[in-house]
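# Observations on the three-dimensional arrangement
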Amino acid sequence: MLRAYRVGLFPMAETRRGLRLYWLDPEQRGILPLDNFHLPKRLRRTVLSDTFRVTSNKAFAAVIAGCAAAAPGREDTWINGDIERLFQDLHRQGCAHSVECWQDDLLVGGLYGVSLGGVFFGESMFSTVRDASKVALVHLVARMRLGGYALLDTQFVTAHLAQFGAVEVPRDTYKAMLATAVQAQAHWPAGPAPDALESEIKALHRPTPLDAMADPA
């Protein structure tokens with residue numbers, strides 16, 4: 001698994017109940033530049049409020065299960081039983097991490113991915129309440145910046161990710177970026193100091209004219 005990630009491949013199943021895994025190497029690769037992350041003003045307030053309690057690596061299996069579950073507008077997923085087992089093995093090895101969003105003791109959103117050198121390969125995210133997956137993404141980026149990561153691989157670019165600054169790059173460009181970033185030394189800050197995490201989140205906000213138009217207050 002890690003050898004495949006190191007050269008830019010990632011696995012998917014055709015369906016939730018599919019029996020085969022396919023290794024993908026798309027011509028256009030999604031990345032989210034860590035130094036150009038856009039945190040909208042309204043979401044920034046939500047992240048810094050007590051709307052969610054955010055943790056890391058506290059419920060990895062539950063996060064994958066949430067990502068694999070059917071949801072409105074997503075009747076099937078690419079995460080089958082083999083994918084779940086493989087990533088739980090990577091998590092036990094310290095090579096895969098999760099970010100969880102809670103309300104009281106209920107898991108309402110989160111994401112997971114693979115960590116290798118200075119690269120985090122984002123796999124999937126889910127939410128059952130408004131903003132939960134977005135808050136998890138903000139915490140992911142803040143933790144990556146604190147931990148010295150160089151590259152956030154999103155695999156593809158969706159409208160959900162584009163609003164935060166995700167872009168597509170050609171395969172060859174991505175492979176060159178990957179080769180450099182995977183050699184970097186980074187550490188996953190599962191439990192960073194709260195003050196340091198808050199400062200990093202505040203540093204993510206980059207005001208734009210759209211912020212003023214959407215929320216003049």
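Below is a summary of the structure that appears in this document. These numbers come from a predicted model, not from an experiment. (Residues numbered from 1 in each chain as written. Predicted model: local features only at pLDDT ≥ 70, side-chain atom pairs only at ≥ 80, totals over all residues. Heavy atoms only, no water.)

## Focus: the packing of helix H2 (residues 41-48) against helix H5 (residues 132-147)
The contact between H2 and H5 brings their axes to 10 Å, and the two run at 80 degrees. Considering the angle they form, H2 stands roughly perpendicular to H5. Contacts from Arg42, Leu43, Thr46 and Val47 of H2 reach H5 at Lys134, Val135, Val138 and His139. Per-class residue counts for the contact of H2 with H5 are four nonpolar, two polar and two charged. (Axes fitted to C-alpha atoms, helices over the stretch in contact; angles between N-to-C directions. Helix = DSSP H or I, 4+ residues; strand = E, 2+ residues; numbered from the N terminus. Parallel < 35°, antiparallel > 145°, perpendicular 65-115°, else oblique. Contact = heavy atoms within 4.5 Å. Nonpolar A, V, L, I, M, F, W, Y, C, P; charged D, E, K, R; others polar.)

## Quick notes on the pairing of strand E1 (residues 10-13)
Across the two faces of E1 the burial is the same, with Phe10 and Met12 and Pro11 and Ala13 all buried. With four bridges joining them, E1 and strand E2 (residues 21-24) adopt antiparallel strand pairing. Of the residues in E2, the one forming a bridge with Ala13 is Leu21. (Buried < 20%, exposed > 50% of the residue type's maximum accessible area, 1.4 Å probe, protein only. Pairing = 2+ DSSP bridges.)

## With respect to the side chain of Glu100
Along the chain, the position of Glu100 falls in strand E5 (residues 96-103). Summary of buried charges: Glu100 has no salt-bridge partner, and the nearest side chain of opposite charge, Arg143, is 7.4 Å away. One polar contact links the side chain of Glu100 to the main-chain amide nitrogen of Ala59, over a distance of 3.1 Å. For Glu100, the side chain forms a polar contact with the side chain of Ser98, separated by 2.5 Å. In contact with Glu100, other than residues within four places in its own chain, are Arg53, Val54, Thr55, Ser56, Asn57, Lys58, Ala59, Phe60, Val63, Leu107, Gly109 and Gly110. (Lys, Arg positive; Asp, Glu negative; His and termini not counted. Salt bridge = Lys/Arg side-chain N within 4 Å of Asp/Glu carboxyl O. Polar contact = N/O pair within 3.5 Å; in protein donor to acceptor, adjacent residues only side chain to side chain.)

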